[in-house]
Amino acid sequence: MLKLPLAVTAACAAILLNPGQASAEVIEQGEGSFVTRDAAVVKATPFDAWQALITPSKWWNSSHTWSADAENLYISPQGGGCFCELLPVPKDAPEGVRRGSAQHMVVLLADPGKALRMRGGLGPLQSEPVQGVLTVTLTPSDAGTVIVFEYVVGGYMRFETPEIAKAVDGVMSQQLGGLAKLLGPVTGASAKGKAAPKEDTPEDAGDGAPTAGETPSGPPAAKAPPKKPATVEEAFGPMGDE
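Bear in mind that the values here come from a model prediction, so they are computed numbers and not experimental data. (Residues numbered from 1 in each chain as written. Predicted model: local features only at pLDDT ≥ 70, side-chain atom pairs only at ≥ 80, totals over all residues. Heavy atoms only, no water.)

Asker: I tried to follow the overall build of the chain on my own but got confused; where do I start?
Answerer: The helix and strand inventory of the chain stands at five helices and eight strands. For the chain, the sequential pattern of α-helices and β-strands runs α-β-β-α-β-β-β-β-β-β-α-α-α. The buried share of the chain, reckoned over its 242 residues, is 42%. Here the contacts in the chain between residues at least 6 apart in sequence split such that 63% fall between residues at least 24 apart. (Helix = DSSP H or I, 4+ residues; strand = E, 2+ residues; numbered from the N terminus. Buried < 20%, exposed > 50% of the residue type's maximum accessible area, 1.4 Å probe, protein only. Contact = heavy atoms within 4.5 Å.)

Asker: Whenever I open this one, the side chain of glutamate 85 confuses me. Can you help?
Answerer: In this fold, glutamate 85 is placed in strand β4 (residues 82–87). The charged side chain of glutamate 85 is buried without a salt bridge, its nearest counter-charge being arginine 99 at 8.3 Å. At a separation of 2.8 Å, a polar atom in the side chain of glutamate 85 contacts the side chain of histidine 104. Other than its neighbours up to four places away in sequence, glutamate 85 contacts Thr65, Trp66, Ser67, Ala68, Asn72, Leu73, Tyr74, Gly100, Ser101, Ala102 and His104. (Lys, Arg positive; Asp, Glu negative; His and termini not counted. Salt bridge = Lys/Arg side-chain N within 4 Å of Asp/Glu carboxyl O. Polar contact = N/O pair within 3.5 Å; in protein donor to acceptor, adjacent residues only side chain to side chain.)

Asker: Hey, could you run me through empty space enclosed by the protein in this one?
Answerer: It is the rolling of a water-molecule-sized probe over the atoms that shows where space remains empty. Overall, the coordinates contain one cavity of 30 Å³ or more when judged by the stated rule. Along the walls of the largest cavity sit Leu53, Trp59, Trp60, Phe83, Met118, Leu134, Val136 and Phe149, which together make up its complete lining. Along the lines of polarity and charge, the residues of the lining of the largest cavity split into eight nonpolar, no polar and no charged. (1 Å grid on protein atoms, 1.4 Å probe; cavity = no way out; pocket = protein on both sides within 12 Å on 5 of 7 lines; lining within 4 Å. Points joined across faces, edges and corners; volume = space filled by probe spheres on them. Nonpolar A, V, L, I, M, F, W, Y, C, P; charged D, E, K, R; others polar.)

Asker: What is the right way to look at the nonpolar core in this model?
Answerer: Side chains that are nonpolar tend, in soluble globular proteins, to be buried together. Core analysis: the biggest nonpolar cluster contains 39 residues, and Leu125, Ile147, Phe149, Tyr151 and Leu179 have the highest contact counts within it. Going through the elements one at a time, β2 (33–42), α2 (46–53), β3 (73–75), β5 (100–111), β6 (115–119), β7 (131–141), β8 (144–154) and α3 (161–183) are the ones with two or more residues in this core. Top contributing element to this core by residue count: α3, with eight residues. Those residues in contact with leucine 125 that lie beyond four places of it in its chain are Phe34, Val130, Tyr151, Val153, Met157, Phe159, Ile164 and Val168. Formed by five residues, the second largest nonpolar core is a distinct cluster that contains Ala39, Val41, Val148 and Val186. (Core = buried A, V, L, I, M, F, W, Y, C linked by side-chain atoms within 4.5 Å.)

Asker: Could you clarify how one ought to interpret the pattern of salt bridges in this entry?
Answerer: If the charged atoms of two oppositely charged side chains come close together, the side chains can form a pair. Considering all chains together, one arrives at two salt bridges under this definition. The partner of glutamate 128 in a salt bridge is arginine 158, with the nearest N and O atoms 2.7 Å apart. Of this pair, glutamate 128 sits in the loop between β6 and β7 while arginine 158 sits in the loop between β8 and α3, and the two are 30 residues apart along the sequence.

Asker: Looking at this structure, I do not really get unusual backbone geometry. What am I missing?
Answerer: Outside of glycine, negative phi angles account for most residues, and trans bonds account for most peptide bonds. The phi torsion at alanine 68 lies on the positive side, around 65 degrees, for a residue other than glycine. Within the element layout of this structure, alanine 68 appears in the loop between α2 and β3. Judged by its relative accessible area of 58%, alanine 68 is exposed.

Take a look at the structure:
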């Protein structure tokens with residue numbers, strides 16, 4: 001089995017010791033597969049969060065880039081678009097040599113203000129034939145927006161699954177933490193992907209809900225439990241044949 005890069009292992013340890021406003025969790029693990037889930041609540045609207053999300057140069061950690069500079073990262077937010085990185089021309093390169101590039105992921109779904117889905121092996125997974133799909137959902141809440149990163153990985157890889165799963169989740173949490181810091185993390189809000197409870201409305205209470213200024217004739221109706229995006233699928237809602 002391959003040993004994990006020291007930078008990845010150290011980043012994982014740092015996240016576990018200093019979780020900040022983002023939560024991190026390996027929610028599933030199997031033979032050659034794992035699923036990580038990271039969440040944070042930010043003060044921005046879903047559309048403001050979207051604009052920041054598709055500008056990774058502003059929040060991605062430079063230590064997890066090939067060029068050591070997040071300014072070289074960009075996302076083309078459309079189907080088939082690239083989450084890519086421009087590499088500088090080597091200092092000793094002869095004249096005429098063009099700068100290089102690296103593809104981190106390919107965009108599968110870009111739904112502004114709602115979701116971004118990309119396919120690719122991040123970090124040390126790039127050298128493996130393993131497949132990885134990252135889904136980012138943006139769910140409005142009373143506090144602002146709940147951002148959830150869910151990364152599903154499966155296939156052959158030369159790593160011990162428990163070790164690489166924990167390391168990857170640590171790095172994903174670090175990236176989400178950078179995005180949350182840019183947008184303004186919500187102090188005290190749940191970091192497990194739950195939307196903040198919403199106030200009841202007449203639609204929530206049903207046809208028997210009293211209107212403004214009307215006194216209820218019976219005991220008050222019980223409030224419906226707060227809704228939460230427990231899964232990526234629930235956050236999306238129905239999506240065709242998926």
